[in-house]
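A closer look at the structure
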Amino acid sequence: MDVLDTPTSTPQDSLRDHIRDAVKALCERFPGAYWREVDGERRYPGEFVAAMTEAGYLSALIPEAFGGSGLGVTEAATILETVHGMGCNGAACHAQMYVMGIILRHGNAEQKQRWLPAIARGDLRLQAFGVTEPTAGTDTTSIATTAVRRGDRYVVNGQKIWTSRAEHSDLMVLLVRTTPQAEVRKRSEGLSILVVDMREAVGRGMTIRPIRTMMNHATTEVFFENLEVPADHLIGEEGRGFKYVLDGMNAERLLIAAECIGDATWFIDKASAYASERVVFGRPIGQNQGVQFPIARAYAEMSAARLMVYEGARRYDAGEPCGKEANMAKLLASEAAWHAAEACLQSHGGFGFAEEYDVERKFRETRLYQVAPISTNLILAYIGEHVLGMPRSY
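Residues numbered from 1 in each chain as written. Predicted model: local features only at pLDDT ≥ 70, side-chain atom pairs only at ≥ 80, totals over all residues. Heavy atoms only, no water.

In this section: the pairing of strand β4 (residues 171–177). Among the 7 residues of β4, 7 are classified as buried, and the element is accordingly described as predominantly covered. Alignment of strand β1 (residues 126–130) against β4, held across 4 bridges, turns out to be parallel. Along β4, the bridge assignment pairs F129 with V173. Where β4 and strand β5 (residues 191–197) come together, 7 bridges link them in antiparallel fashion. In the strand pairing of β5, M172 is matched with V196. (Buried < 20%, exposed > 50% of the residue type's maximum accessible area, 1.4 Å probe, protein only. Helix = DSSP H or I, 4+ residues; strand = E, 2+ residues; numbered from the N terminus. Pairing = 2+ DSSP bridges.)

Pasting the structure below:
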């Protein structure tokens, strides 16, 4: 039984099975050879993104009133889990699925109508989220990029880093400081969200520089020098941007965790099949407990993490508090994927390092998720403080 397949018992399960089957069929058009080529050339998987857009998957969370599918995080997680479970990579897709939530939840009626239908149709790409800065890192309240109101425009100056897909996005959701930190009561105050039309901004105050990394993630650093952004691109209230960013983090962590579950599934399927077929010393290597047990343990870890992912998604869709579940899902799923990756690589031996097996590519890709979009240590700090009630550690 494929670990992506689960028995159905409710209408929602039936919908998820339908989504899973359809996404599998789409992903079969993009086999390992396609991803090896994209990875080798360090290029954006434009064909895959176009197919996902045309099928409506990138607009899954956009309400039907704006041309989307009106689905929940549970269904979005199913999409991304399946993408990764099929050996593909949803990194070029997931941001658009959750970043637009800031516009949906906090934008005004005109902004929603201006951007969401075009995003749903695929006429606009919203895949860039400008938050992290070189000197601030995960200390988001210490960002130094400023936006000063001058008449009907904001003038932006500063720098962002690890802004993935900035070269392939039409819009960017940008976190800026609109009130100096010295003038606010709380560090989290004075931050605001702007939507930047990158088609107009590049070369007119915005500069994008690619950063080469160990995986093909299309990440960049972005510089702002007196970039003018229309004041009506401000999302929500000025000074409340940090709250808006936090508001979307649970969805982000759940969707990334779902990708990790898909990665773990792929590694486990790959390792199990290889260990059953590979014969050394006259017997399948999977008959040896030293090979079999790490794969079996990875399966157990993945299965437990998967329960947490979908419990978090259920709570999110029901409007219930889910910070604890979202953080633990991200922690457990990223570690399950990494353990599955190590078991898979180890079972393949030298062949695991050969590009044609795809193991080394997926191995590099899944390692990212213990660091981004939030590191394991920060999740542990969150659990220690907010769940267990211990003193704040940072």
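Let's pick the thread back up.
Attention now goes to the nonpolar core. Counting residues in each nonpolar core, the largest one holds 96 residues, and the members touching the most others are F48, M52, M97 and L255. In terms of residue count, helix α8 (residues 241–277) provides more of this core than any other element does, 19 residues in total. In this view, M97 contacts Y57, L58, A60, L61, A76, I79, L80 and L255; residues no more than four positions away in its chain are not counted. Grouped together as the second largest cluster of nonpolar side chains are 20 residues, A128, A166, L174 and V196 included. (Core = buried A, V, L, I, M, F, W, Y, C linked by side-chain atoms within 4.5 Å. Contact = heavy atoms within 4.5 Å.)

Right, let's talk about the packing of aromatic side chains for a bit. Summed over all chains, the structure comprises 8 aromatic pairs. Each ring, one from F30 and one from Y34, has its centre 5.0 Å from the other, and the planes form 70°; the classification is edge-to-face. Note on accessibility: F30 and Y34 belong to one class, buried. Seen in terms of ring centroids, Y274 and Y357 are 6.4 Å apart; in terms of plane orientation they differ by 85°. Their pairing is edge-to-face. Of this pair, Y274 sits in helix α8 while Y357 sits in the loop between α10 (323–348) and α11 (359–367), placing them 83 residues apart in sequence. Owing to a relative accessible area of 13%, Y274 belongs among the buried residues under this scheme. Judged by relative accessible area, Y357 falls into the partly exposed class, the value being 22%. (Phe/Tyr/Trp six-rings, centres within 6.5 Å; stacked < 30°, edge-to-face > 60°.)

Let's shift gears to the packing of helix α4 (residues 73–85) against helix α5 (residues 91–106). At a closest axis distance of 11 Å, the pairing of α4 and α5 adopts a crossing angle of 175°. Comparing the axis directions of α4 and α5 gives the class roughly antiparallel. Within the contact between the two elements, α4 uses A76, I79, L80 and H84 and α5 uses A91, H94 and M97. (Axes fitted to C-alpha atoms, helices over the stretch in contact; angles between N-to-C directions. Parallel < 35°, antiparallel > 145°, perpendicular 65-115°, else oblique.)

Turning our attention to unusual backbone geometry. Of note, the amide linkage connecting A372 to P373 takes the cis form, showing an omega dihedral of 0°. With respect to the element layout, P373 can be found in the loop between α11 and α12 (376–387). Of note, A218 is a non-glycine position whose phi angle comes to about 50°, a positive value. Backbone geometry at D358 places phi at a positive 70°, although glycine is not the residue there. Looking at the element boundaries, D358 is found in the loop between α10 and α11.

A few words now on a nonpolar patch on the surface. Taken together, the side chains of V387, L388 and M390 define a hydrophobic patch exposed on the protein surface, amounting to about 280 Å² of accessible area. By secondary structure assignment, the location of V387 is in helix α12. Judged by relative accessible area, which is 34%, V387 ranks as partly exposed. (Patch = residues over 30% accessible without salt bridge, like charges linked within 9 Å, V, L, I, M, F, W, Y side chains within 5 Å. Areas by Shrake-Rupley, 256 points an atom, 1.4 Å probe, with all protein chains shown as cover. Salt bridge = Lys/Arg side-chain N within 4 Å of Asp/Glu carboxyl O.)

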